[in-house]
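# Examination of the molecular architecture
If you want the building blocks of each chain, they are given just below.
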Amino acid sequence: MSVLGAITRRIGHHRWFGAAARLLVPADRAVGRLTRGRVVALGLVPSLILTTTGRRSGKPRSNPLLYVPDGDAYVVVGSNWGRPHQPGWSMNLLAEPAAEVAVKGRRIQVRAELAVGAERDRLWQLLVTEWPAYRTYERRAGGREIRVFRLVPAGRGAQVDGDPALGW
């Protein structure tokens, strides 16, 4: 882990960090598009770009997210920086579990599985090991259960060559 990554993990608990990070999400999306998914979150933490189908619009919606690997799957969390409502992308996955991730320059079709019970607990431990601030976000969420998803590859990944519909 880089020194900057370690500092980021340490300050991730502060309320101002979540507010500042939310403001940087559009820039993070742009960097992700420019690098075709090779650099997300400035490379500070393991990150991917998740593209879901909007549950109301039917349009692709892309979001940069921290992930942890679990076998060949990717685990992501709908923390929404500890805000009291679920992030839109998590509601999109519940409506349509077929999605796509761009990670390390590869585009991979995935199917989202909402983790529950003991499986959620196991995956939550993986997530808080990578980003301890998730525990703080959980407290701030006001009793909302933070959704944990396991994104399972639906097939072999293909090199990202750009997709105008996704803006990259």
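What counts as what
- Residues numbered from 1 in each chain as written.
- Predicted model: local features only at pLDDT ≥ 70, side-chain atom pairs only at ≥ 80, totals over all residues.
- Heavy atoms only, no water.
- Salt bridge = Lys/Arg side-chain N within 4 Å of Asp/Glu carboxyl O.
- Helix = DSSP H or I, 4+ residues; strand = E, 2+ residues; numbered from the N terminus.
- Patch = residues over 30% accessible without salt bridge, like charges linked within 9 Å, V, L, I, M, F, W, Y side chains within 5 Å.
- Areas by Shrake-Rupley, 256 points an atom, 1.4 Å probe, with all protein chains shown as cover.
- Buried < 20%, exposed > 50% of the residue type's maximum accessible area, 1.4 Å probe, protein only.
- Pairing = 2+ DSSP bridges.
- Phe/Tyr/Trp six-rings, centres within 6.5 Å; stacked < 30°, edge-to-face > 60°.
- Contact = heavy atoms within 4.5 Å.
- Polar contact = N/O pair within 3.5 Å; in protein donor to acceptor, adjacent residues only side chain to side chain.

## Overview of the pattern of salt bridges
Tallied over the entire structure, the rule returns 5 salt bridges. The salt bridge partner of aspartate 70 is arginine 122, with a shortest N-O separation of 2.8 Å. Placement of aspartate 70 in strand E3 (residues 68-70) and of arginine 122 in helix H4 (residues 117-130) is noted, with a sequence separation of 52 residues between them. Residue arginine 122 is joined to glutamate 119 by a salt bridge in which the shortest nitrogen-to-oxygen separation is 3.1 Å. Taken together, the residues arginine 122 and glutamate 119, both in helix H4 and 3 residues apart, mark about one turn of the helix. A cluster of three or more residues bridged by salt bridges with shared partners is formed by Asp70, Glu113, Glu119, Arg122 and Arg150.

## Things to note about a nonpolar patch on the surface
On the surface, Leu94, Leu114 and Val116 cluster together into a nonpolar patch covering about 260 Å² of accessible area. Turning to its location among the elements, leucine 114 is positioned in strand E6 (residues 106-114).

## A closer look at the pairing of strand E4 (residues 73-77)
Here E4 lies mainly inside the structure; 5 of its 5 residues are buried. Neither face of E4 is left uncovered, since the one carrying Ala73, Val75 and Val77 and the one carrying Tyr74 and Val76 both have all their residues buried. Pairing of E3 with E4, which is carried by 3 bridges, proceeds in the antiparallel orientation. Residue pairing in the sheet places aspartate 70 in a bridge with alanine 73 of E4. When E4 meets strand E7 (residues 148-153), the two strands line up antiparallel, connected through 4 bridges. Opposite valine 76, over in E7, you have phenylalanine 149 as the bridge partner.

## Things to note about the packing of aromatic side chains
The final tally for this structure, using the stated rule, is 5 aromatic pairs. Taken together, a centroid distance of 6.2 Å and an interplanar angle of 40 degrees make the contact between tryptophan 124 and tyrosine 134 tilted. Taken together, the residues tryptophan 124 in helix H4 and tyrosine 134 in helix H5 (residues 133-140) connect sequence positions 10 residues apart. For the pair shown, tryptophan 124 and tyrosine 134 are each scored as buried.

## Remarks on the pairing of E6
By the bridge criterion, 6 bridges tie strand E5 (residues 98-103) to E6 in an arrangement that is antiparallel. Bridging across to E6, valine 101 finds its partner in isoleucine 108. Counted between consecutive antiparallel strands, the loop separating E5 from E6 contains 2 residues, among which lysine 104 sits at a positive phi close to 55 degrees. Direction of pairing for E6 relative to E7: antiparallel, over a ladder of 5 bridges. When the bridges of E7 are listed, glutamate 113 appears paired with arginine 150.

## Re the environment of glutamate 119
The partly exposed category is assigned to glutamate 119, whose relative accessible area is 32%. Between the alpha carbons of glutamate 119 and valine 148 there is a distance of 9.6 Å; along the sequence they are 29 residues apart. In this structure, glutamate 119 is in contact with Asp70 and Arg150, ignoring residues within four places of it in sequence.

## Points about the environment of arginine 55
Mapped onto the elements of the fold, arginine 55 is located in the loop between strand E1 (47-53) and strand E2 (60-66). With relative accessibility at 36%, the residue arginine 55 sits in the partly exposed group. With 36 residues separating them along the chain, arginine 55 and methionine 91 place their C-alpha atoms 7.5 Å apart. Leave out the neighbours within four places in its chain, and arginine 55 touches Gly88, Met91, Asn92 and Ala95. At a separation of 2.9 Å, a polar atom in the side chain of arginine 55 contacts the side chain of asparagine 92.

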